[in-house]
Amino acid sequence: MVDPIFDPIEGPKWVLDGRIVPMTSEHDVIDDGRIYINGGLIEAVQPANQQPPTAFEEIVPIRTGGTIFPGLIELHNHLAYNALPLWNVPKQYQNRDQWGRHPDYRKLISGPMNVLGRTEGLIQAVVRWVEAKSLIAGTTTSQGIALFSNAGIRKYYRGLVRNAEETNDDTLPEAATKIGDVDAASAPRLLERLESMAAKGKKLILHLAEGRNDDDSANKHFLALKIDDDTWAINEALVGIHCTALRHRNFATLRVRNGSIVWSPLSNLLLYGKTTDIEQALAEGLRVSLGSDWSPSGSKNLLMEMKVARLHCQSAGIPVSDYQLTEMVTTNPADMLGWGSQVGTIEEGRRADFMVVSGKSGDPYGRLLSARESSVVLVVINGIRRYGQPRLMRELPGLEARTVGGSKRRFNLHQENIEQSVAGLSLGDAEERLRTALATLPDLARALEQGSVTALAMGAGSHADVQVGTGASISSLEGSWFLELDHLDGPEGTQRPQLPFDGVATGVFAPSAAAGVPLSELLEPIELDHLDAKTDARLWATLAVEQNLTPAVRDGLFSSYGRRAPG
Ligand SMILES: [Zn+2]
């Protein structure tokens, strides 16, 4: 049986009215425009005073009064972790190998996720909640949430937001985010893998050189891609996440071989006190896109990450325009996925994915950069209105009402081809389930520990945290599915190459030595991460004391959300 295409080209015929920012070039903005949508595709984009296309004459446009952008694309986010609140990072780290060993990491991040990811009913609540967190910021494509079964099957949760890895659609080539051990351990093998991906128009999104660029071990993670003087395991299929440890000439090495970068400035600054040398990356002409990484050390969503990127550039004297920053969440990630002919711009024939920000005056890119969640008035994916102001969601059945960032909003969560156990779950119920679960983490951990204990067939089997009950007692999502905790490397592959440099493997992450304490004794109640940034008191209290965050970025972020800077 052939898997169904997740977003078949079908759906209503309708018209969206507002200021249109097509992202085809900086000055192509249509101040008063209309987008004619049919079956999930854009049929025409034109000024409002032009004659509508045939068969659209009778349709009353939905007037947004706002500025319409292509739906935002986030190329890096460990979504499964986004029910967890921001971590008060306890010290400054030099590279990725260090922070996972801190006892806090198991207590606050990997331990809670082990419980959430294996407990009946909570997996569904996690996927519902974390997807909503992306959606309210206008994200229409993201890295997805991987699920695995005790039968050894791996798949991606198919929700409202497109995922980059599993589309079942040849026009949206599927990206890979993991590689097998053999490819990870040999640069020639990695290059072979990259060449076979490139031949199919697919991309490999891998963590690369995480850490400070004055840290040799982080930098060697990049240098280990070198095969000989002329040959590196880099080509147009390689999308490197972070690349924080690249030094001056490394950027040219990446660029001449057509690699690209996903930049996550807040996560980098919080962990390492430093981020990617983005000035050098842009001077080299590298393609850069933005990703929030995950809620424990990153931005709440792309709107916040764009602000961090701008504040970092302003404070470091790096000339980056608001248009360039907008490219980093639209056209750049679309091109980096090989999806440029389908999404990332508003043009005839493209998928109807949009996010609309309130207001039509002033510079449109500046308006997006200063938008908070409450500024997002409508989000459309594949021609379907999924989220927005009540007036813009009128006539849709079965909406869920909610206040987001202090403003009234409606969610349209109805979906075909969805896992049945998620289909009936409202956002409010998901929130309630997660709040209760996180408040009783030690009890849930104990229940798992007391279940009949067997090793999981796949997934996190190599990790010290795993003390798993049988699938029979943790059934979920049609069978026995678990959240893949993708910060762990398991038998299904690794997220980063582990190539040898001078005979020593790089990028190998050693789990905490203190993993022996049962989770029921280690865990404490924690709070569910809030949906939006603006009204998340806990987020701001934590940001105020994050020791590695540069004051200029911190203070600018506070004022971007109408808050007084703590200093
Ligand atoms: Zn990451």
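Conventions and cut-offs
- Residues numbered from 1 in each chain as written.
- Predicted model: local features only at pLDDT ≥ 70, side-chain atom pairs only at ≥ 80, totals over all residues.
- Helix = DSSP H or I, 4+ residues; strand = E, 2+ residues; numbered from the N terminus.
- Rg over C-alpha atoms; globule rule 2.2 N^0.38 Å.
- Buried ≥ 20, exposed ≤ 12 C-beta atoms within 10 Å, placed from the backbone.
- Pairing = 2+ DSSP bridges.
- Axes fitted to C-alpha atoms, helices over the stretch in contact; angles between N-to-C directions.
- Contact = placed C-beta atoms within 7 Å.
- Expected span 1.5 Å × (residues − 1).
- Bend = angle between axes of the 7 residues up to and from the residue.
- Core = buried A, V, L, I, M, F, W, Y, C linked by C-beta atoms within 7 Å.
- Arc of directions from axis to C-beta.
- pLDDT = per-residue confidence, 0-100.
- Parallel < 35°, antiparallel > 145°, perpendicular 65-115°, else oblique.
- Left-handed = near helix turned anticlockwise from the far one by under 90°.
- Nonpolar A, V, L, I, M, F, W, Y, C, P; charged D, E, K, R; others polar.

(A) Local environment of the overall build of the protein. Secondary structure assignment for the protein yields 19 helices and 25 strands. Against the compact-globule benchmark of 24 Å for 567 residues, the protein has a radius of gyration of 23 Å, which places it among compact chains. Its C-alpha atoms give the protein principal-axis dimensions of about 70 × 60 × 55 Å. Counting all 567 residues of the protein, 53% fall into the buried class.

(B) Spotlight on the sheet that holds strand S23 (residues 481-483). One open sheet accounts for 3 strands, arranged S8-S7-S23; its pairing is antiparallel. One side of each edge strand has no neighbouring strand; the edge strands of this open sheet are strand S8 (154-156) and S23. For this sheet, the mean inter-axis angle between neighbouring strands, taken without regard to orientation, is 35 degrees.

(C) Focus on the environment of Leu399. Following the sequence through the fold, Leu399 ends up in the loop between strand S18 (384-388) and strand S19 (400-404). Along the chain, Leu399 and His414 lie 15 residues apart, while their C-alpha atoms are 8.2 Å from each other. Beyond its immediate stretch of four places on either side in the chain, Leu399 contacts Met393, Arg410, Phe411 and Asn412.

(D) View of helix H2 (residues 103-116). With 14 residues, H2 ought to run about 20 Å at 1.5 Å a step, and its terminal C-alpha atoms sit 19 Å apart, in line with that. At Ser110, H2 shows its largest bend, some 35 degrees, and a proline, Pro112, comes one to four positions later. The element H2 is extensively covered by neighbouring structure, given that 10 of its 14 residues are classed as buried. Along H2, the positions that sit buried rather than exposed are Arg106, Leu108, Ile109, Ser110, Gly111, Pro112, Met113, Asn114, Val115 and Leu116. Contact partners of the buried residues in H2: helix H3 (122-135), helix H15 (427-439), helix H16 (441-450), S23 and helix H17 (519-522).

(E) Layout of the sheet that holds strand S10 (residues 204-208). Read across the sheet, 4 strands follow the order S10-S13-S14-S15 without closing on themselves; strand pairing throughout is parallel. Across the chains shown, the open sheet's two edge strands, defined by having one partner strand only, are S10 and strand S15 (288-290). Sheet twist, expressed as the average angle between the axes of neighbouring strands with direction ignored, equals 30 degrees. Examined bridge by bridge, strand S13 (residues 238-242) and strand S14 (residues 260-263) share 3 bridges and lie parallel to one another. Bridge pairing in S14 links Ile241 to Val262.

(F) Looking closely at the nonpolar core. With 155 residues, the main nonpolar core has Ile35, Ile68, Val126, Leu204, Leu434 and Leu483 as its most contacted residues. Those residues in contact with Val126 that lie beyond four places of it in its chain are Ala80, Ala83, Leu116, Leu434 and Leu483.

(G) View of H15. Along its 13 residues, H15 runs 18 Å from first to last C-alpha, staying within 8% of the 18 Å computed at 1.5 Å per residue. Inspection of H15 places Ala430, Arg433, Leu434, Ala437 and Leu438 among the buried residues, and these make up the whole buried set. All buried residues of H15 fall inside an arc of 120 degrees around its axis, so they share one side. Where H15 is buried, its residues meet H2, H3 and H16.

(H) Molecular detail of unusual backbone geometry. Residues other than glycine seldom take positive phi values, yet Met23 does so here, at roughly 65 degrees. Note that Met23 resides in the loop between strand S1 (13-20) and strand S2 (30-38). Although it is not a glycine, Ala55 adopts a positive phi angle of roughly 75 degrees. Relative to the assigned elements, Ala55 resides in the loop between strand S3 (41-47) and strand S4 (62-70). Look at Ala55 and you get exposed, because 11 C-beta atoms sit within 10 Å.

(I) Geometry of the pairing of S19. As paired strands, S19 and strand S20 (residues 407-411) are joined by 5 bridges and run antiparallel to one another. Note that in S20 the partner of Glu400 across the bridge is Phe411. Here S19 folds back onto S20 in antiparallel fashion, the turn holding 2 residues, of which Gly405 has a positive phi close to 60 degrees.

(J) Examining the pairing of S1 more closely. As paired strands, S1 and S2 are joined by 7 bridges and run antiparallel to one another. By the bridge assignment, Trp14 is partnered in S2 with Ile37. Here S1 runs beside S4; their pairing, made up of 4 bridges, is parallel. The residue bridging Arg19 from the neighbouring strand is Thr67, located in S4.

(K) View of the confidence of the model for the protein. With 90% of its residues at a pLDDT of 70 or more, the protein shows a mean pLDDT of 90. Counted against residues more than four places away or in other chains, residues 452-478, with its pLDDT under 50, gives 74 contacts.

(L) Focus on the environment of His78. Inspection of the secondary structure puts His78 in the loop between strand S5 (72-74) and helix H1 (96-99). C-alpha separation for the pair His78 and His221, spaced 143 residues apart in sequence, amounts to 21 Å.

(M) Representation of the packing of helix H10 (residues 302-316) against helix H19 (residues 551-560). Put simply, H10 and H19 touch, their axes get as near as 9 Å, and they point 135 degrees apart. In this view, H10 runs oblique relative to H19, as classed from their interaxial angle. In terms of crossing hand, the pair formed by H10 and H19 is right-handed. Contacts between H10 and H19 pair Lys307, Val308, Leu311, His312 and Ser315 from the former with Ala552, Val553, Gly556, Leu557 and Ser560 from the latter. Classifying every residue of the contact of H10 with H19 by side-chain character gives 5 nonpolar, 4 polar and 1 charged.

(N) Fine view of the environment of Gly39. Relative to the helices and strands, Gly39 resides in the loop between S2 and S3. For the pair formed by Gly39 and Phe56, sequence separation is 17 residues and the distance between their alpha carbons is 13 Å.

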